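The lines below spell out each chain.
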Amino acid sequence: MTTHVALTARAFDADKMFITDKDSRVEKTINDVTDRFGGDFEIVEKRDWKGLISDWKGDVVHLTMYGEDIDGFFGSVALKDPLIIVGAEKVPGDVYRMSDYNVAVGNQPHSEVAALAIFMDRFNERKVKRDYPDARISVMPCKGKKRILDYSKIPTIDECYGFCVEKGMDEDLMKHTLSVLERAFILQYEHGGDLKLVIAGAMLHDIGRTISHGPDHGVVGAKIVREQGWDEELAKIVERHVGGGISKEEAEEQGLPSKDMIPETIEEKIVCHADNTAGGRERFEELIHRTRSAGYQNSADRMDELAEFFKKK
Ligand code: SAM
């Protein structure tokens, strides 16, 4: 249970957890998670829990089924740097008295893990923490299959830039790449997605153009990315950025590998849309018009749909 309280506190954006008696098994699990998934959450031993509460500079909140109702609590109180207390068993009366607030997550008995998760979720205004510095891996939100990013296989912005130069990217293409990067940054800020992946995707989206300027440049670029041993998620961004993406049928008609290359993940959509809109609104309209005139009706429709998607979210 202590491990689960710690995992929950970490996942819902606490800095640290205080416990009266250090437990090496709990610490090992948490350090292992932090090592792989990032962040700097720590467990601190504090035997003098009364001292901790009385010296705490921010607000002290004790979660208990006997407290005031959580509904309405956040509307009436603006918590500052809260210390949140949960009990493992019967909680000493002093905790009730010394806390600034005793709050009930419903007045039914349940668990410290549930109480903590719900309280912190509301404290965070239901925004899930996504940014974990120094993470080695990250699990991406996904409706279907598992998506796990291995950051050792995502080149940094400097590495991408160096790679573009090494591949002989000319000045015009580099300028375009950097304006797609700028646009992608803004879209990521507004709509989420993994920042490191978006940066690498934007930087390398047109790497295939160092070889071909045809509609195959996405496929060519993805092949280059795969040959580098970089993450498949990155290869897919490059492969799926052309126009509004290319369907399996369209790919066959154009002599491309027979597979769907339509952007699905938020990062794929961001880079695709950033590429379409990096030149501004007029250029985007012109691009859609050109795509339609060239007979790629469906691709133009998908470009429009992507624009709608980013307008709505
Ligand atoms: N007698 C304890 C109490 O005051 O809630 C119950 C012990 S329970 C096994 C362990 C912890 O879960 C409690 O100390 C409390 O922090 C938390 N908890 C259980 N039910 C809760 C509820 N309805 N609201 C808030 N916290 C709750």
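Residues numbered from 1 in each chain as written. Predicted model: local features only at pLDDT ≥ 70, side-chain atom pairs only at ≥ 80, totals over all residues. Heavy atoms only, no water.

### Digging into the sheet that holds strand S4 (residues 83-85)
Argument step 1. What the three strands build is an open sheet, ordered S4-S3-S5; its pairing is parallel. In the strand order of this sheet, the two ends are held by S4 and strand S5 (101-104), each with one partner. The average undirected angle you get between the axes of adjacent strands in this sheet is 45 degrees.
Argument step 2. In the packing of helix H6 (residues 112-123) onto the sheet, contacts are made with strand S3 (60-69), S4 and S5, and the angle to S3 comes to roughly 110 degrees. (Pairing = 2+ DSSP bridges. Helix = DSSP H or I, 4+ residues; strand = E, 2+ residues; numbered from the N terminus. Axes fitted to C-alpha atoms, helices over the stretch in contact; angles between N-to-C directions. Contact = heavy atoms within 4.5 Å.)

### Describing the site of the ligand
Argument step 1. Taken together, 19 residues lie near the ligand, and Leu 63, Gly 87, Val 105, Gly 106 and Gln 108 sit nearest.
Argument step 2. Within the backbone of Met 65, a nitrogen or oxygen atom sits 3.5 Å from an oxygen atom of the ligand.
Argument step 3. In this structure, a nitrogen atom belonging to the ligand sits 2.9 Å away from a main-chain N or O atom of Val 105.
Argument step 4. Against a free-state accessible area of 530 Å², the protein chains account for coverage of 86% of the ligand.
Argument step 5. Counting residues per element, the ones that place at least two in the shell around the ligand are S3, S5 and H6.
Argument step 6. When residues in the shell around the ligand are grouped by element, the largest group, four residues, is from S3.
Argument step 7. Taken together, the residues of the shell around the ligand break down into eleven nonpolar, six polar and two charged. (Near = heavy atom within 4 Å. Polar contact = N/O pair within 3.5 Å; in protein donor to acceptor, adjacent residues only side chain to side chain. Areas by Shrake-Rupley, 256 points an atom, 1.4 Å probe, with all protein chains shown as cover. Nonpolar A, V, L, I, M, F, W, Y, C, P; charged D, E, K, R; others polar.)

### Some remarks on a negative patch on the surface
Argument step 1. Together, Asp 15, Asp 40, Glu 42, Asp 81 and Asp 134 make up a region of like negative charge exposed at the surface.
Argument step 2. Here Asp 134 lies in the loop between H6 and strand S6 (137-139).
Argument step 3. In this structure Asp 134 comes out as exposed when scored by relative accessible area, which is 68%. (Patch = residues over 30% accessible without salt bridge, like charges linked within 9 Å, V, L, I, M, F, W, Y side chains within 5 Å. Salt bridge = Lys/Arg side-chain N within 4 Å of Asp/Glu carboxyl O. Lys, Arg positive; Asp, Glu negative; His and termini not counted. Charge placed at Lys NZ, Arg CZ, Asp CG, Glu CD. Buried < 20%, exposed > 50% of the residue type's maximum accessible area, 1.4 Å probe, protein only.)

### Some thoughts on the environment of Tyr 161
Argument step 1. Here Tyr 161 shows up in helix H7 (residues 157-166).
Argument step 2. Take Tyr 161: its relative accessible area is 43%, and that puts it in the partly exposed class.
Argument step 3. Sequence spacing of Tyr 161 and Leu 204 is 43 residues, and the spatial spacing of their C-alpha atoms is 8.5 Å.
Argument step 4. The contact partners of Tyr 161, leaving out residues within four places of it in the chain, are Met 174 and Met 203.

### Quick word on the domain arrangement of the chain
Argument step 1. Domain boundaries in the chain define domain 1 (2-123) and domain 2 (137-312).
Argument step 2. One C-alpha centre belongs to domain 1, the other to domain 2, and the line joining them spans 43 Å. (Domains from an automatic or database assignment.)

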